[in-house]
Amino acid sequence: SQTIHQWPATLVQPVGSPLSLECTVEGTSNPNLYWYRQAAGRGLQLLFYSVGIGQISSEVPQNLSASRPQDRQFILSSKKLLLSDSGFYLCAWSVGASGTQYFGPGTRLTVL
Amino acid sequence: QKEVEQNSGPLSVPEGAIASLNCTYSDRGSQSFFWYRQYSGKSPELIMFIYSNGDKEDGRFTAQLNKASQYVSLLIRDSQPSDSATYLCAVNMNSGGGADGLTFGKGTHLIIQP
């Protein structure tokens, strides 16, 4: 069966510091991978998605970036965090064209 | 602007009754529709998906889709206190299907009263 991991689970960072969040998927090959953010009182916002190694599509202009160095690894980064980057960051995967996505446990980021 | 709209609630339903959750979407070409449940502080978990007009049943859950009205709903029969959560409606607005991300509504907060 498929499993998706995210770490860290919780993170508190000062404004202007860098960020690196990691997501890995087990039990499937060539998944589509996604990063979403859920800010307090707001809906899930798609940030990036990837259909393969090195292929990244960005949905929202911002100070975040994503990379996919391996088939089942997806990384979300920032060089300098803003207060507005606080939120619940969720990685998800899907396979094929069905669009059915499964979420990881998430990383709760607080920027102070 | 592609949008998915849900009533934020809270929707309060007595235990054992039917809970009815509704969702409308803006893109007529949308092909795939999903319901997720999210407990406070946790990540969303998939409940059901539906692609075709009509009803789809899975245990106590029934999803209903009406593409002409751009409307999708979720019915929960014999509601239990453990069903208390936020329910997210999500739509794949890529008319060709595929790997694009989903567009989510803001969710409906459901409370099942014992």
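Residues numbered from 1 in each chain as written. Chains lettered and ligands numbered in written order. Predicted model: local features only at pLDDT ≥ 70, side-chain atom pairs only at ≥ 80, totals over all residues. Heavy atoms only, no water.

(A) Focus on the overall build of chain B. Along chain B, the regular secondary structure elements total zero helices and 11 strands. Across chain B, helices and strands are ordered from the amino to the carboxyl terminus as β-β-β-β-β-β-β-β-β-β-β. For 114 residues, the compact-globule estimate of 2.2 N^0.38 gives 13 Å, and the C-alpha radius of gyration of chain B, at 14 Å, lies within 12% of that figure. Dimensions of chain B along its principal axes, counting C-alpha atoms only, are 45 × 30 × 20 Å. Counting over 114 residues, chain B shows a buried share of 44%. Working note: accessible area of chain B is about 5300 Å², and carbon and sulfur atoms make up 46% of it. (Helix = DSSP H or I, 4+ residues; strand = E, 2+ residues; numbered from the N terminus. Rg over C-alpha atoms; globule rule 2.2 N^0.38 Å. Buried < 20%, exposed > 50% of the residue type's maximum accessible area, 1.4 Å probe, protein only. Areas by Shrake-Rupley, 256 points an atom, 1.4 Å probe, with all protein chains shown as cover.)

(B) View of the state of the cysteines. Residues and elements named next belong to chain A. Applying the stated criterion across every chain yields a total of two disulfides over all chains. For Cys23, the disulfide goes to Cys91, at an S-S distance of 2.0 Å. Handedness of the Cys23-Cys91 disulfide follows from its S-S torsion of about -70 degrees: it is left-handed. Here Cys23, found in strand β3 (residues 19-26), pairs with Cys91, found in strand β9 (residues 87-94); they are 68 residues apart in sequence, far enough to count as distant. Each of the two residues, Cys23 as well as Cys91, counts as buried. (Disulfide = S-S within 2.5 Å.)

(C) Summary view of the interface of chain A and chain B. Facing the 21 residues of chain A at the interface are 22 residues of chain B. Buried surface at the junction of chain A and chain B, summed over both partners, amounts to about 1500 Å²; 55% is from carbon and sulfur atoms. Three residues, Leu44(A), Thr100(A) and Phe103(A), lead the burial of chain A against chain B; their summed loss comes to 26% of the area buried on that side. Summed over the shared surface of chain A and chain B, the result is zero salt bridges. At the boundary of chain A and chain B, one finds five residue pairs in polar contact (both at pLDDT 80 or more). (Contact = heavy atoms within 4.5 Å. Buried area = accessible area lost by both parts, 1.4 Å probe. Salt bridge = Lys/Arg side-chain N within 4 Å of Asp/Glu carboxyl O. Polar contact = N/O pair within 3.5 Å; in protein donor to acceptor, adjacent residues only side chain to side chain.)

(D) Broad picture of the pattern of salt bridges. Residue and element names in this part refer to chain B. For the structure shown, the criterion picks out five salt bridges over all chains. Ionic pairing is found between Glu45 and Arg37, a salt bridge with its closest N-O pair at 3.3 Å. For Glu45, a relative accessible area of 34% translates into the label partly exposed. Where Asp83 meets Arg60, a salt bridge forms, and the shortest distance between an N and an O atom there is 2.9 Å. Of this pair, Asp83 sits in the loop between β8 (71-76) and β9 (85-92) while Arg60 sits in the loop between β6 (54-58) and β7 (61-66), and the two are 23 residues apart along the sequence. A residue is classified by how much of its surface remains accessible, and Asp83, at 1% relative accessible area, is buried. Overall, Arg60 belongs to the partly exposed group, its relative accessible area being 27%.

(E) Representation of the pairing of β7(B). Residue and element names in this part refer to chain B. Pairing geometry for β6 and β7, over five bridges, is antiparallel. Pairing of Gly54 across the sheet is with Leu65, part of β7. In this structure, the hairpin formed by β6 and β7 is closed by a connection of two residues, where Gly59 is found at a positive phi of approximately 65 degrees. Both β7 and β8 contribute to a ladder of six bridges, which runs antiparallel. In the sheet register, Thr62 faces β8, and the bridge partner there is Leu75. The loop that links β7 with its antiparallel partner β8 comprises four residues; one of these, Gln70, has a positive phi angle of about 55 degrees. (Pairing = 2+ DSSP bridges.)

(F) Representation of the pairing of strand β6 (residues 55-58) of chain A in the model. Across three bridges, the pairing between strand β5 (residues 44-52) of chain A and β6(A) is antiparallel. The residue of β6(A) that forms the bridge with Gly52(A) is Gln55(A).

(G) Representation of the packing of aromatic side chains. What the rule picks out here adds up to 12 aromatic pairs over all chains. Counting every residue linked through ring pairs, the aromatic cluster contains Tyr34(A), Tyr36(A), Tyr49(A), Phe103(A), Tyr36(B) and Phe104(B). The ring of Phe49(B) carries the charged tip of Lys56(B) above its face, separated from the ring centre by 3.6 Å. Positioned above the aromatic ring of Phe61(B) is the side chain of Arg60(B), whose terminal nitrogen or guanidinium carbon lies 5.5 Å from the ring centre. (Phe/Tyr/Trp six-rings, centres within 6.5 Å; stacked < 30°, edge-to-face > 60°. Lys NZ or Arg CZ within 6 Å of the ring centre and 35° of its normal.)

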